[in-house]
Amino acid sequence: MQPSVELLLEQIDVATEQGEFGLARSLLVQAAGRAAGDLERALVVVRRAFVPDTGARPEDVAEAASVLDREGWSSEAARGNGALGALLAAGGDPVGAARAYAEAERAFTRLGDVSSARRSIVNRAAALISASRLREALRILDGLWQQLRADRTTAAEDRALLAALTASNAGGARLTLGEDARARRELGVAARLYEGLGMPARGATVLLNQAFAANRSDQPELALDLYRRAADMLDRAGDHAAAMKALSGAAAVADRLGRAEQSESDYAIVLRYARAAHDRQLFLRSVIGRSAVRADADPSAALRLLTESVTDEDLTDPSCVVEAGDWWLNRSLLATRLDDDDTAESAFGEATRIFTEADLPVHVIRAAMARAVGLDAAGRPGEAADLGWQILGTGRLSGLIAAHVQTNIAAFGLRAAQQAGVAPDPDLVLNPVLAAVAEVEAFRYSLQSAGHREGVLSGQERTTYATAIDAAAATGEVDLVAALIEITRTHAVPADQVGTDRGLGLLAAGAPFPLAVPRAVAGRPGGRAAGYEREGTVVLSELAETVGGPGTWWVNGWIDRERAVMAALGPQPTFIADTALDVDAYLALLASMGTVFPVDARIAADGRGDALDVAAYRAARGVLLTDSALRERWAQRLSAAQRRAVDEHPAVALARREGEAGLLWRLAQVLVPEPLRRVLLDASAAPVRPVLAVAPVPAMGRVPWALLPLRAPGDGEGRLTPRLADVADVVHVPPAVFAAGTAAVASSDGHADVLVVADPLGDLPAARAHTATADRVLGGRWLDDPNRLATPDRVLHALREERPGTLVLAAHVDEPTDDNPAGAGVLLADHDSGEAVLTARDLAAATITAPPTTVLLGCESLGASTGAEWTSVALALLRAGGSRVVGTLWPSLDDPAATEAERLLVRHMVVDPVRGHAAFLRDRLAAWRHRPDSAVAYHWAGFAEVRARSVA
């Protein structure tokens, strides 16, 4: 008697639980053949999703879950959503996976299955980690950890397992964020819990997932460390098969890092084990990996390594379908490198046949894309582009997979045109990559924590944006270049959350600052737009006039590895400059200001990033932009050896060699397109000064734009070289989609009164000088008036009820504790002799209309210290209706000269809020040229004005 479908389903569950996937696949075939009706077919589909290499498709599983829910099989429906999450995560859609796990969590909660609901929470957090949304994942995991600590009803073993999973995922996320100390604690907790449960290998499995995520998010050093930790844990736990799989992962990452000898050594260990253990899957994967190590340097040797020890039995083993297809694909790629087209075509055909017969459509597409990349690498980009279009024409692609193919098609097309010496066809290069940009933007906006910031973009996302910028420039769409650059700098949460109770709830829960909604961006009216056009289109030329009036130039830039692409869109045709990124000049600028700067591994390897300690940096401050007396005072804290190290540091030496004008001229050549410099010089005698609306360029956020020279300094000219502030007013602008969203917010119609909040903690006595301009003063206990103590509540009350025209905040500015800009704020007083923070989140949630003018006198108060974007307090004030926020790019100094510069700035802003900042810069520039020792540039050149709307 043949087993029933119900019995087959039970047997499939047991086989899957025990890892007997070959048996499970065989039972699935029987169950599928006997299933009658939608319900039984849905039950089979859900189980297929838990078994590798069965061709389970997310859309089928989603439909099955829907059928099960409709039929009242709620538990199976919840399980189906969990399976859907796993499939989407494996298929490269962690956002969709997170949604599916969230639905599973809700379903299990309704059923009262607390344990399964919590497992779904862990899985959702893991998916978000894969999407590089680490802070959101950590908030979820921290919440679950608190639940588990308070739980006294769940079985101790189940609770310990969930705690271990939670700690393991949290620890891996914190490793990625560089929070090593806390990560080690959490991973240690997880290891102890797993050991207590008799499951040390389980912890290693989580590390493997984290290693995979780190490698995909372009952090190979971290991935290598995680893979090796996992291999060691698994080996000590006695799970040698899993340990070898982890070591294989480490070998692949070592190859990516260019460590061929280490990679080959690791693969050799794995191959010996795999052959002895008759593990053909691991053997084939390792053969392919070892061959790839040699592929670039010696493709003939790589082909020998690929073929010499592989047998027909290996390639026809039913459990090795994916590995066999990959083996044939790699044979095709190597043959292409060796110009053996017949072998390349036949091997590619064999790979395609294997994947097709196994009903693995994603692998078919991946193989075709790999073949296209191989053709391009072999100098045949035209053929690669043709194959890419064939892949796209299958109609099976969507989301980031489609974006990946579209981006490659555009890149192939650009190289093919260059190879042929012809102009690229926009239909063949620009159209596909703009579609890819729209897919990437839609993906990023689909997460509550979508952060469009430098350092957050994944490698694939950066490649899409860079290719789009190149395609637009190559096809003459210069306005579109500016628009594409602009969308790379957007912060966002979903449009339907902005300005709603839910949006404020997200802020209260620590969600990212709601700075933008999904809009496309175009350069000029009627021009081509780029991005995710769900809430309309922002036109940069119109926005520039909104910010600075007619004739305003919108200047933005994109840094891609070692090149910088700058765009200047304004009253004349858009100027584009594509130059080498002068990293050395920027590091020298930072050293001359005494600023501690981060460096990446490449810079450090070049000897340019030897980090001086803070004291040494303070001693270096003054090389160019600060007076020599201060430099000498700081240097007295150092030994003779430390002084020598400062003087000999490459960045300091370069600053001294180039001099102030020479160093800033090097940066001007990168940041200000040469045609724009000519236009500005020609306009020096014009009756109306041009306005530059400058978007801060990622990784170069502290550049003093007002001081940038407009031409090469002449011999001995130095400070007399024409500077940007001589001929134009410079304002800084937030992302265009944010500025467009604030344009409709009315500015305050309050009085011209000045509210000064000075020295609320009693440790900045120099700040009290600003009270001379005030109509109302809030401060610290030095006022001897508890009713004027500057607490967050009292400051918000004063803004809400008194509606001042100008707010002067002279206090410490607090950086966010994580990468969430909503957590940045101003340190104010509290009622118990301590401090309290007025955060950007508080300002966003408060029912206030911000003053038209705010002056933030605190270290790096504009939030550009990350070198990425204007964030936090400044944008919260603009969102609340402010017209302008003036603040600092650099750390402020507790020094009489610095206090005098701040006092002059406040006076200018109170007398003429609209033009005060520009007048202040011109005044200080003239004084600096006349008396450089009494008007040190460091004290004034770092003040910048941020606008999001017209101030006229």
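Residues numbered from 1 in each chain as written. Predicted model: local features only at pLDDT ≥ 70, side-chain atom pairs only at ≥ 80, totals over all residues. Heavy atoms only, no water.

## With respect to the side chain of Glu-441
Line of reasoning, step 1. Among the secondary structure elements, Glu-441 is positioned in helix H23 (residues 426-445).
Line of reasoning, step 2. Glu-441 sits in the buried class, given a relative accessible area of 1%.
Line of reasoning, step 3. A distance of 2.3 Å separates a polar atom in the side chain of Glu-441 from a polar atom in the side chain of Tyr-465. (Helix = DSSP H or I, 4+ residues; strand = E, 2+ residues; numbered from the N terminus. Buried < 20%, exposed > 50% of the residue type's maximum accessible area, 1.4 Å probe, protein only. Polar contact = N/O pair within 3.5 Å; in protein donor to acceptor, adjacent residues only side chain to side chain.)

## A word on the packing of aromatic side chains
Line of reasoning, step 1. Taken as a whole, this structure holds five aromatic pairs when the rule is applied.
Line of reasoning, step 2. The ring of Phe-283 carries Arg-275 above its face, with NZ or CZ at 3.7 Å from the centroid.
Line of reasoning, step 3. Positioned above the aromatic ring of Trp-928 is the side chain of Arg-719, whose terminal nitrogen or guanidinium carbon lies 5.9 Å from the ring centre. (Phe/Tyr/Trp six-rings, centres within 6.5 Å; stacked < 30°, edge-to-face > 60°. Lys NZ or Arg CZ within 6 Å of the ring centre and 35° of its normal.)

## Quick look at the confidence of the model for the protein chain
Line of reasoning, step 1. Summary statistics for the protein chain give a mean pLDDT of 82 and a share of 84% for residues scoring 70 or more.
Line of reasoning, step 2. Here residues 447-456 scores under 50 on pLDDT; set against residues more than four positions off or in separate chains, the count is 44 contacts.
Line of reasoning, step 3. Ignoring residues within four places in sequence, the model shows residues 491-512, a span with pLDDT below 50, making 56 contacts including any to other chains. (pLDDT = per-residue confidence, 0-100. Contact = heavy atoms within 4.5 Å.)

## Topic: the packing of helix H3 (residues 37-48) against helix H5 (residues 74-90)
Line of reasoning, step 1. It is at 9 Å that the axes of H3 and H5 come closest, and there the two elements cross at 35°. With respect to the hand of their crossing, H3 and H5 are arranged in left-handed fashion. Here H3 contributes Leu-43, Val-46 and Arg-47 to the contact with H5, which in turn contributes Glu-76, Arg-79, Gly-80 and Ala-83.
Line of reasoning, step 2. Class assignment of the residues belonging to the contact of H3 with H5 gives a composition of three nonpolar, one polar and three charged. (Axes fitted to C-alpha atoms, helices over the stretch in contact; angles between N-to-C directions. Left-handed = near helix turned anticlockwise from the far one by under 90°. Nonpolar A, V, L, I, M, F, W, Y, C, P; charged D, E, K, R; others polar.)

## So, the packing of helix H15 (residues 280-295) against helix H16 (residues 299-307)
Line of reasoning, step 1. Orientation of H15 relative to H16, taken along the N-to-C sense of each, is 170°, at an axis distance of 7 Å. As far as their axial angle goes, H16 and H15 are roughly antiparallel. Where H15 approaches H16, its residues Val-287, Ile-288, Arg-290, Ser-291, Arg-294 and Ala-295 are matched on the opposing element by Pro-299, Ala-301, Ala-302, Leu-303, Leu-305 and Leu-306.
Line of reasoning, step 2. Partitioning the contact of H15 with H16 into residue classes produces nine nonpolar, one polar and two charged. (Parallel < 35°, antiparallel > 145°, perpendicular 65-115°, else oblique.)

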